[in-house]
Amino acid sequence: MNTVRLTTAQALVRFLAHQYSERDGQEQRLIPGVWGIFGHGNVAGIGQALLQAAVTKEADLPYYLARNEQGMVHASVAYAKMRDRLAAFACTASTGPGSTNMITGAALATTNRLPVLLLPSDMFATRAADPVLQQLEDTRGGDVTVNDAFRAVSKYFDRISRPEQLIPAALAAMRVLTDPVETGAVTLALPQDVQAEAYDWPIEFFRRRVWHVGRPVPEPAAVERAAQLLRNARKPLIVAGGGAVYSGAETALRAFAEATGIPVADTHAGKGAVPWDHPYAVGGIGSTGSYAANELAREADVVLGIGTRYSDFTTASHTVFANPGVTFVNLNVARLDAVKHSAEPLVADARLGIQALAGALTDWEVPAEYRTLTRRLIARTREIEEECFHVGHGPLPAQTQILGALNDVLDDRAVVINAAGSLPGDLQQLWRARDPKAYHVEYAYSCMGYEIAAGVGVKMADPTREVVVLVGDGSYLMMAQEIVTMISEGLKVIVVLVQNHGFASIGALSESLGSQRFGTKYRYRNGDSGLLDGQVLPVDLAANASSLGADVLHATSVDAFRSAMEKAKAATRTTVVHVETDLYGPNPPGHGWWDVPVSQISALDTTRAAYDAYAAHKQTQRHYL
């Protein structure tokens, strides 16, 4: 057997450089590069291997320097999302806090079912120097390290305690990364001594490997069962999720809706699968859903879920599908999701599944009056949107007015990124996406701090698109440092920084739940009340963004914001547009409910009133059996 002597880290770098994914005849690099921050745990292992690869050209695996380990995972996940899960970065971090900083990113990746390869450095496998700097000493066992925390949030976890263990572990990692059902965070913990240990590796380990991402074909009998339920439906509704986008099912879905007349609602991950102005697009569904989608959902007798995992926001905490006899048909590549809500499962690739259903329903369409109802509800929804865009609020504009202006100034291919705060709810109702990659809202983990780091990954995934990061002051303060990475990598991203001096979303939720916006505003502590309800803090986030290297534009009105956005679009560098909005809204009207428990007993009148409202909503909640 021909071998080559390399360290474990050198072998891993060489292996990763030769991995490819393929779907529909299109190949691409599976691991296009490595994000990292070096410390004593990886600088002489993975760091040396990446340097050697760059200098000797023995492996093509570019290195990218991040400013925060969580941020580099977010950037990687955003890249994978833009590439339909067919490419995934690796992320290397040092021992201890460097590695555990990646755990939140790992949870986000796995929750969103997006691939990322994590390479946290670990303690000495030999234990020769125990306890080393940053080592956790656990009285329950000598083999426990902080990296065991990754197990719960990874789809695959392994600790490479001997060099030769890398061979099966690396192959298993690639299998999981490229499996649409199993994908998520993959973690290979690398003890720092093993990274630098040499071994005679089989040359065959480094051959070019192509991981074929298939399209599971629907079972004919399952197609017929699903089609029969739809034939019997009078008021069916499609819920399009992320699977419809990742499978490239947009064209098939639009044609299916047109042929059958079934209206299409979408989740955050599915928005854009059907253009907002398509005659059967009824908008976001659920807790923050549109008027049309939620009205149709309440009477739907058959719900066809396509590539959705049915989060509580999608179902409005099991209240929006209110028809007593509602039945679900779930088309999903993962059986876990296909059987949810006692559904008739159709386990298959979304595109192939839609095409199969279309073939089985060539002689069927919804009643004419249902098409009329759909058109009427869409028309009313458009009126609601325009009212939000032109509410004329002052002296500070409402956030909805800023979104209306942003809708106007961006083209169809521009990507809008968000994850947390009040913006996702407003966006789900108001954002007009015509391109399946134009709406990038991470709402499975809804992680504050995702947005700016995600802007890096999205721009790297498709440099031809305008990338616009929408971030509130709360999320900005969580993680803004990847602006520096944008600058160092020469990436042009527009960051729209919405400043309202507090947590608008949680503040409004707090108020609705009787908690009086407690602890949700950025204020001085009041000496009289002892609460954080004093004057507004003198925080200058625009100055902070400028200090990180970005150009900054200010807007104090909707017109000024439009002007600033035109300048930002014309710019060649990362530009932050700072705009102040009213913390208190107004927000779009609510058409759904979200289950957030309220204290059953309280000394506060506001909490008692909120509990009465909560108890009434709970009466409408149900299991779908």
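Nothing here was measured: the structure is a model prediction, and the numbers come from that model.

Formed by 58 residues in total, the largest nonpolar core has its most connected members in L237, L253, I306, F321 and L357. Sequence-distant contacts of L253, that is, excluding residues within four places in its chain, are made with I238, A240, V264, A273, V274, I306 and I354. In this structure, I37, A189, A480 and L491 belong to the second largest nonpolar core, which totals 56 residues.

Examined against the element boundaries, S21 turns out to sit in strand β2 (residues 19-23). Classification of S21 by relative accessible area gives buried; the value is 2%. Engagement of the side chain of S21 in a polar contact is seen with the backbone oxygen of L86, the distance being 2.6 Å. Setting aside residues no more than four positions away along its own chain, S21 makes contact with Q26, E27, Q28, L30, L86, V210 and W211.

Take the sheet that holds strand β21 (residues 494-499) next. Here we have six strands laid out as an open sheet, ordered β19-β18-β20-β21-β23-β22, and parallel in their pairing. The open sheet has two edge strands with one neighbour each: β19 (439-441) and β22 (551-555). Neighbour-to-neighbour, the strand axes of the sheet open up by a mean angle of 20°, direction not taken into account. Note: strand β18 (residues 415-418) against strand β20 (residues 467-472), three bridges, orientation parallel. When the bridges of β20 are listed, V415 appears paired with V467. Lying on the sheet, helix α22 (residues 558-570) is in contact with β21, β22 and β23 (575-580); it crosses β23 at an angle near 175°.

Following the sequence through the fold, T288 ends up in the loop between β14 (281-284) and α11 (291-299). Among the polar contacts listed, one links the side chain of T288 to the side chain of Q428, at a separation of 2.4 Å. Once residues within four sequence positions are removed from consideration, T288 is found in contact with F313, G425, Q428 and Q429.

For an α-helix the count is 3.6 residues per turn, leaving residues at separations of three or four pointing the same way. Three or more residues of helix α10 (residues 250-260) are buried, namely E250, A252, L253, F256, A257 and T260. Here the buried residues of α10 occupy an arc of 165° about the axis, which is enough to place them on one side. Of the exposed residues in α10, those oriented more than 90 degrees away from the buried face are T251 and A259. Against the buried residues of α10 lie β12 (236-240), α9 (242-246), β13 (264-266), β15 (302-306), α13 (350-360) and α14 (368-389).

A cis geometry characterises the amide bond from G394 onward to P395, with omega recorded as 5°. Here P395 shows up in the loop between α14 and α15 (399-409). The amide bond that connects G585 to the next residue, P586, takes the cis arrangement and shows omega of 5°. Locating P586 in the fold gives a position in the loop between β23 and α23 (605-618). Unusually for a residue other than glycine, D84 sits at a positive phi of about 55°. Structurally, D84 is set in the loop between α3 (69-82) and β6 (90-93). The exposure class assigned to D84 is buried, which follows from its relative accessible area of 18%. Although it is not a glycine, R517 adopts a positive phi angle of roughly 60°. Within the fold, R517 resides in the loop between α20 (504-512) and α21 (541-547). A relative accessible area of 8% means that R517 is categorised as buried.

Time to look at the packing of aromatic side chains. Under the defined criterion, the tally for this structure stands at 18 aromatic pairs. With 5.8 Å between their ring centres and 80° between their planes, Y64 and F89 make a pair best called edge-to-face. In this pair, Y64 is assigned in strand β5 (residues 63-65) and F89 in the loop between α3 and β6, connecting sequence segments 25 residues apart. Pair check on accessibility: Y64 and F89 agree, each one buried. Ring centres 6.3 Å apart and planes at 40° place the aromatic pair Y611 and Y614 in the tilted group. Of this pair, Y611 and Y614 both sit in helix α23, three residues apart, which is roughly one turn of that helix. Among the aromatic residues, those joined into a cluster by ring pairs are F15, Y199, W201, F205 and F206.

In terms of burial, strand β9 (residues 185-191) is largely enclosed, as seven of its seven residues are buried. Here β9 shows two buried faces, one formed by A185, T187, A189 and P191 and the other by V186, L188 and L190. Pairing between strand β7 (residues 116-122) and β9: five bridges, direction parallel. By the bridge assignment, S121 is partnered in β9 with L190. Sheet analysis places strand β8 (residues 156-159) next to β9, joined by four bridges and oriented parallel. Counterpart to Y156 in the pairing with β9 is V186. In this region the chain leaves β8, passes through helix α6 (residues 166-177) and returns to the parallel neighbour β9; the handedness of that crossover is right-handed.

The next subject is the packing of α15 against helix α16 (residues 423-430). The geometry of α15 relative to α16 is characterised by a closest axis approach of 11 Å and an angle of 50° between their N-to-C directions. On the basis of their axis angle, the class for α15 and α16 is oblique. α16 is crossed by α15, and the crossing has right-handed handedness. Listed contacts from α16 to Q399, T400, L403 and N407 of α15 are L423, D426, L427 and L430. Its residues assigned to classes, the contact of α15 with α16 comprises four nonpolar, three polar and one charged.

Here α6 is twelve residues long and its end C-alpha atoms lie 16 Å apart, about the 16 Å a rise of 1.5 Å per residue gives. Among the residues making up α6, those that are buried are L166, A169, A170, A172, A173, M174, V176 and L177.

This part takes up the pattern of salt bridges. When charged atoms on two side chains of opposite charge get close, those side chains can pair. The final tally for this structure, using the stated rule, is 42 salt bridges. With a shortest N-O distance of 3.1 Å, E224 and R231 are connected by a salt bridge. Using a relative accessible area of 38% as the deciding quantity, one classes E224 as partly exposed. By relative accessible area, which is 26% here, R231 ends up partly exposed.

Attention now moves to the pairing of β7. The side chains of a regular strand alternate, first on one face of the sheet and then on the other. Counting buried residues along β7, seven of its seven residues qualify, which places the element largely inside the surrounding structure. Neither face of β7 is exposed, since V116, L118, P120 and D122 on one face and L117, L119 and S121 on the opposite face are all buried. In this sheet, β7 lies alongside β6 in parallel orientation, the contact comprising four bridges. Looking at the pairing, A90 lines up with L117 of β7.

Calculation rules
- Residues numbered from 1 in each chain as written.
- Predicted model: local features only at pLDDT ≥ 70, side-chain atom pairs only at ≥ 80, totals over all residues.
- Heavy atoms only, no water.
- Core = buried A, V, L, I, M, F, W, Y, C linked by side-chain atoms within 4.5 Å.
- Buried < 20%, exposed > 50% of the residue type's maximum accessible area, 1.4 Å probe, protein only.
- Contact = heavy atoms within 4.5 Å.
- Helix = DSSP H or I, 4+ residues; strand = E, 2+ residues; numbered from the N terminus.
- Polar contact = N/O pair within 3.5 Å; in protein donor to acceptor, adjacent residues only side chain to side chain.
- Pairing = 2+ DSSP bridges.
- Axes fitted to C-alpha atoms, helices over the stretch in contact; angles between N-to-C directions.
- Arc of directions from axis to C-beta.
- Phe/Tyr/Trp six-rings, centres within 6.5 Å; stacked < 30°, edge-to-face > 60°.
- Right-handed = clockwise from strand over helix to strand, strands pointing away.
- Parallel < 35°, antiparallel > 145°, perpendicular 65-115°, else oblique.
- Left-handed = near helix turned anticlockwise from the far one by under 90°.
- Nonpolar A, V, L, I, M, F, W, Y, C, P; charged D, E, K, R; others polar.
- Expected span 1.5 Å × (residues − 1).
- Salt bridge = Lys/Arg side-chain N within 4 Å of Asp/Glu carboxyl O.

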